[in-house]
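Residues per chain are reported as follows:
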Amino acid sequence: MEWQPDEQGLQQVLQLLKDSQSPNTVTQRAVQQKLEQLNQFPDFNNYLIFVLTRLKTEDEPTRSLSGLILKNNVKAHYQNFPPTVADFIKQECLNNIGDPSPLIRATIGILITTIASKGELQTWPELLPQLCNLLNSEDYNTCEGSFGALQKICEDSSELLDSDALNRPLNIMIPKFLQFFKHCSPKIRSHAIACVNQFIIGRAQALMDNIDTFIESLFALAADEDSEVRKNVCRALVMLLEVRIDRLIPHMHSIIQYMLQRTQDPDENVALEACEFWLTLAEQPICKEVLSGHLMQLIPILVNGMKYSEIDIILLKGDVEEDEAVPDSDQDIKPRFHKSRTVTLQHEGGEGEEGEDIDDEDDDDDDDTLSDWNLRKCSAAALDVLANVFRDELLPHLLPLLKGLLFHPDWVIKESGILVLGAIAEGCMQGMVPYLPELIPHLIQCLCDKKALVRSIACWTLSRYAHWVVSQPPDSYLKPLMTELLKRILDGNKRVQEAACSAFATLEEEACTELVPYLSFILDTLVFAFGKYQHKNLLILYDAIGTLADSVGHHLNQPEYIQKLMPPLIAKWNELKDEDKDLFPLLECLSSVATALQSGFLPYCEPVYQRCVTLVQKTLAQAMMYNQHPDQYEAPDKDFMIVALDLLSGLAEGLGGHVEQLVARSNIMTLLFQCMQDTMPEVRQSSFALLGDLTKACFLHVKPCIAEFMPILGLNLNPEFISVCNNATWAIGEISMQMGAEMQPYVSMVLPHLVEIINRPNTPKTLLENTAITIGRLGYVCPQEVAPQLQQFIRPWCTSLRNIRDNEEKDSAFRGICVMIGVNPAGVVQDFIFFCDAVASWVNPKDDLRDMFYKILHGFKEQVGEENWQQFSEQFPPLLKERLSACYGV
């Protein structure tokens, strides 16, 4: 007996569906309650499917809504449906997949996919065979509905379909789909390609077996009149480029010709898919070889795609020049991620390097507010990567176009020219240098353009050439650029403010102390912006201030500068509550400022210190509550604690010994003990950085905790978490220097790990350097314990420290090596050439260290005798030979 609805029940359900379309919130709340009640009845879901599939008299939106409510129920508790209900729903879906209404067909398709994804593909064995059979139906609606459902299943379950779990249905499905590439309906052709496309990236065996048929079928559809079909053809070719380029190479010339046409397709969605082809091709080793001959066609097409479309301009309010008084809505503000502190060393010929394990965020070409990927962004990205592949070979095709664009009267075209110039900055820098003396002043002029979108893109492009600007005499370009950028920071348009602030931060990083003469002027502008900016740009302003402090360092420590900068920062600090995420960028900014100001920060340090300790304490307490009662409490946002620990590090580093009284009056050491054992690696990473900084600043408060802390440090010498391991290693080195001989009981806890890390292949440079420094420092304070291992680490030790600048850390580490060689000279004999090379890397060691080097070099020479030494030193590269004879007379 088939299930039939009860008339009264059916009316109730229909009334509920009508009510749920009401905009009134009170009605909505009543609907939610009613839904929860009805869900107690097992056959409520039968009513929902009945309305969707059988009640053809009802309007379509109501029927579709009934299906969507059922879909949510399936998602939430399908496993509790009685078998009779589940079977009725499945049967109704398959019987009605060919409903005359496209909306109802699509709803049923979604419902089928949702049931299938609940693990039901295995327990609904007739689903795929039946859907594939229905494709043969003479009735268009049935064929289209089944294909729609199959496409959703392929999207959701591509891996499962290509596994033994289901007896490899793709062996039947893929050849079947390929037959439909020739179907008379464009909608069906489009479904068929979309289904097969799901299996390209996973290299499904059934597709690989039919790969040539697939590619031929795609070529046959190349000129299809339907844009959705063309889009799917382009998407397929882009993916095949990644996984089966071998099959495309014989046809590459015609594929490139085809993609050149499609990148200019009148339908922007097709053009965007086609434009991805150039991005993907640029990553392939054959790019240069196959694309060289086509650059003269491709470059103008990409450049043309970089113009704003009319829709972009409307969405970006391109005609609104002043909006600085309009508050930001919360969804305008992207979440920020704090980059935890990593301790690094200074290198020869450059600043300390960022830890390489952390990817530096790429500069986004262009405005992220249109964060939807579009043709403009894709074209700019493609030009950027191609510039990196072809370098200056791109310029003959570009320069003739650029001139016309950059000086064009139509602002939209001029704007795209400025974007082009920025996109090629990285790849074509060498070849652009001769033109920059003319172009940079023109771009600086564009900073005053009457169109906000021109002003903002000029900021970005100029920041891409900041390195060159800074390499010229300051009066030529740096000064005019800085003057104009500072005006733009105070622009009336929010997008321009944002672009100018970001560009200025880039300029600060490049210019460093070149900015010192202009500090007063810069600070006046940044502080003025404080009172002017809305929410989103304030966050970028903090970054510009922090970067300024990092770039000019102690030059910021002048009473007049402190007077300008600190009051607005502290006012913001007092305004923000402890739970406000805007504290993150402000804390990061203050951390840079405290490090730069050093003693100049003393008047502000107490409240800042106290609050950081409170933030750590609150977060730890909340984490504890959550671990004990996860059902009653929310998990804390640990970023608050990480940022606070990093600011405490900044204070310890900036204030040095002055931080001692603050530490004495707080329970920070107890909190640190907990943070060092946190489950989250970033928390441990920041804890060890702070531990090292407190060790340098006020060891008397750290020393009583050493017996408890050392085993935890030893446990964290695990290179799986590179930054944690790096900071723990550095902290052990700092502790060794303070402990001296008392470090002896702890050597065995850490030395084996350090020796293992320094010998590991592929260890990042930063970690190698810190490991070498710490081994040297341990050996300096406990030579008897460390020297016997000398032979295990001397070679990687020497090679990892030869590029480090002369500094305190390098000094103490080399003293350690010299003391250890004194204890165990045999340990260095086999690798003595590496030691000679490392010694030669010193520019001017302190006198007593130079004496140590002298004694070891001459001792070795006397030991082996003149003749052997001659033979030995023959292996030296000429430069090394020269330095050793000049500095040490060997």
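Just so you know, these numbers come straight off a predicted model, no measurement behind them.

Each value, and the rule that gives it
Residues numbered from 1 in each chain as written. Predicted model: local features only at pLDDT ≥ 70, side-chain atom pairs only at ≥ 80, totals over all residues. Heavy atoms only, no water. 1 Å grid on protein atoms, 1.4 Å probe; cavity = no way out; pocket = protein on both sides within 12 Å on 5 of 7 lines; lining within 4 Å. Points joined across faces, edges and corners; volume = space filled by probe spheres on them. Helix = DSSP H or I, 4+ residues; strand = E, 2+ residues; numbered from the N terminus. Nonpolar A, V, L, I, M, F, W, Y, C, P; charged D, E, K, R; others polar. Contact = heavy atoms within 4.5 Å. Polar contact = N/O pair within 3.5 Å; in protein donor to acceptor, adjacent residues only side chain to side chain. Axes fitted to C-alpha atoms, helices over the stretch in contact; angles between N-to-C directions. Parallel < 35°, antiparallel > 145°, perpendicular 65-115°, else oblique. Left-handed = near helix turned anticlockwise from the far one by under 90°. Expected span 1.5 Å × (residues − 1). Buried < 20%, exposed > 50% of the residue type's maximum accessible area, 1.4 Å probe, protein only. Arc of directions from axis to C-beta. pLDDT = per-residue confidence, 0-100. Salt bridge = Lys/Arg side-chain N within 4 Å of Asp/Glu carboxyl O. Phe/Tyr/Trp six-rings, centres within 6.5 Å; stacked < 30°, edge-to-face > 60°.

K.L.:
Pulling in residues and values, what's your account of empty space enclosed by the protein?
P.N.:
All chains considered together, the criterion is met by 2 cavities of 30 Å³ or more. Size it by volume and the largest cavity reaches roughly 40 Å³. Every residue lining the largest cavity is listed: Y609, L648, L651, A652, V659, V663, I668, L690 and L694. Only α34 (639-655) and α37 (681-697) provide two or more residues apiece to the lining of the largest cavity. The element that contributes the greatest number of residues to the lining of the largest cavity is α34, accounting for 3 residues. A per-class count over the lining of the largest cavity returns 9 nonpolar, no polar and no charged.

K.L.:
Explain the environment of S687 to me, using residue names and the numbers behind them.
P.N.:
Tracing the backbone through its elements, the reader meets S687 in helix α37. Expressed as a C-alpha distance, the spacing of S687 and V290, which sit 397 residues apart in the sequence, is 52 Å. Dropping the residues within four chain positions of it, S687 is found in contact with L645, L672, C675 and M676. A polar side-chain atom of S687 sits 2.6 Å from the main-chain carbonyl oxygen of V683.

K.L.:
Explain the packing of helix α22 (residues 411-423) against helix α25 (residues 452-464) to me, and be specific about the residues and the numbers.
P.N.:
Interhelical geometry of α22 versus α25 gives an angle of 15° and a closest axis separation of 8 Å. With respect to α25, the axis of α22 lies roughly parallel. Of the two elements, α22 crosses α25, and the hand of that crossing is left-handed. Where α22 approaches α25, its residues W411, K414, E415, I418, L419, L421, G422 and A423 are matched on the opposing element by L453, V454, I457, A458, W460, T461 and R464. In terms of residue class, the contact of α22 with α25 is built from 10 nonpolar, 2 polar and 3 charged.

K.L.:
Lay out helix α2 (residues 25-38) with the relevant residues and their values.
P.N.:
With 14 residues, α2 extends 20 Å between its outermost C-alpha atoms, agreeing within 8% with the 20 Å of an ideal straight helix rising 1.5 Å per residue. For α2, the full list of buried residues reads V31, L35 and L38. Buried residues in α2, looked at end-on, bunch into an arc of 70°, giving them a common side. More than 90 degrees from the buried face of α2, the exposed residues found are T25, V26, R29, Q33 and E36. At its buried positions, α2 is contacted by α1 (7-19), α3 (44-53) and α4 (60-77). Capping the start of α2 is the job of one residue whose side-chain oxygen sits 2.7 Å from the backbone nitrogen of V26: N24.

K.L.:
Can you break down the environment of A596 residue by residue, with the values?
P.N.:
If you trace the backbone, A596 turns up in helix α32 (residues 583-597). Between the C-alpha atoms of A596 and L519, which are 77 residues apart in sequence, the distance is 14 Å. Not counting chain neighbours up to four residues away, the residues in contact with A596 comprise A549, G553, H554, L556 and N557.

K.L.:
Could you give me a rundown of the packing of helix α36 (residues 668-675) against α37, with the residues and numbers involved?
P.N.:
Axis separation between α36 and α37 bottoms out at 9 Å; the angle between their running directions is 140°. By crossing handedness, the relation of α36 to α37 is classed as left-handed. Within the contact between the two elements, α36 uses I668, M669, L672 and C675 and α37 uses V683, R684, S687, L690, L691 and L694. Classifying every residue of the contact of α36 with α37 by side-chain character gives 8 nonpolar, 1 polar and 1 charged.

K.L.:
I'd like a description of the confidence of the model for the chain, backed by residues and values.
P.N.:
Looking at the chain as a whole, its pLDDT mean stands at 90, while 96% of the residues score no less than 70. Segment residues 349-370: pLDDT under 50, and 54 contacts once partners within four positions in sequence are set aside and those in other chains are kept.

K.L.:
Break down helix α29 (residues 519-532) for me, citing the residues and quoting the values.
P.N.:
Here α29 contains 14 residues, and its C-alpha end-to-end distance of 20 Å stays within 8% of the 20 Å for a straight helix at 1.5 Å per residue. Among the residues making up α29, those that are buried are L519, I522, L523, T525, L526, A529 and F530. Down the axis of α29, the smallest arc covering the buried residues is 160°, so these residues share one side. The outward face of α29, more than 90 degrees from its buried face, is lined by the exposed residues F528 and G531. For α29, the secondary structure elements touched by its buried residues are α27 (478-489), α28 (494-511), α30 (535-552) and α31 (559-575).

K.L.:
If you had to explain the pattern of salt bridges to someone new, which residues and values would you point to?
P.N.:
Summed over all chains, the structure comprises 43 salt bridges. The shortest N-O distance in the salt bridge between K18 and E58 comes to 3.0 Å. A residue pair is termed long-range when its members are at least 10 positions apart, and K18 in helix α1 and E58 in the loop between α3 and α4 qualify at 40 residues. On the basis of relative accessible area, K18 is assigned to the partly exposed category, the value being 39%. The partner of D59 in a salt bridge is K18, with the nearest N and O atoms 3.7 Å apart. Taken as a pair, D59 in the loop between α3 and α4 and K18 in helix α1 lie far apart in primary sequence, 41 residues in all.

K.L.:
How would you sum up the environment of P285? Please name residues and give values.
P.N.:
Inspection of the secondary structure puts P285 in the loop between α16 (268-282) and α17 (287-291). Residues P285 and K377, 92 residues apart in the sequence, show an inter-C-alpha distance of 24 Å.

K.L.:
Please give an account of the packing of aromatic side chains that cites residues and values.
P.N.:
The full count for this structure, using the stated rule, is 27 aromatic pairs. Taking 6.1 Å as the distance between ring centres and 75° as the angle between the ring planes, the aromatic pair formed by F181 and F214 counts as edge-to-face. Taken as a pair, F181 in the loop between α9 (170-179) and α10 (186-197) and F214 in helix α12 (residues 211-220) lie far apart in primary sequence, 33 residues in all. For F181, a relative accessible area of 2% corresponds to the buried category. A centroid spacing of 5.5 Å and a plane angle of 85° characterise the contact between F814 and W842, whose relative ring orientation is edge-to-face.

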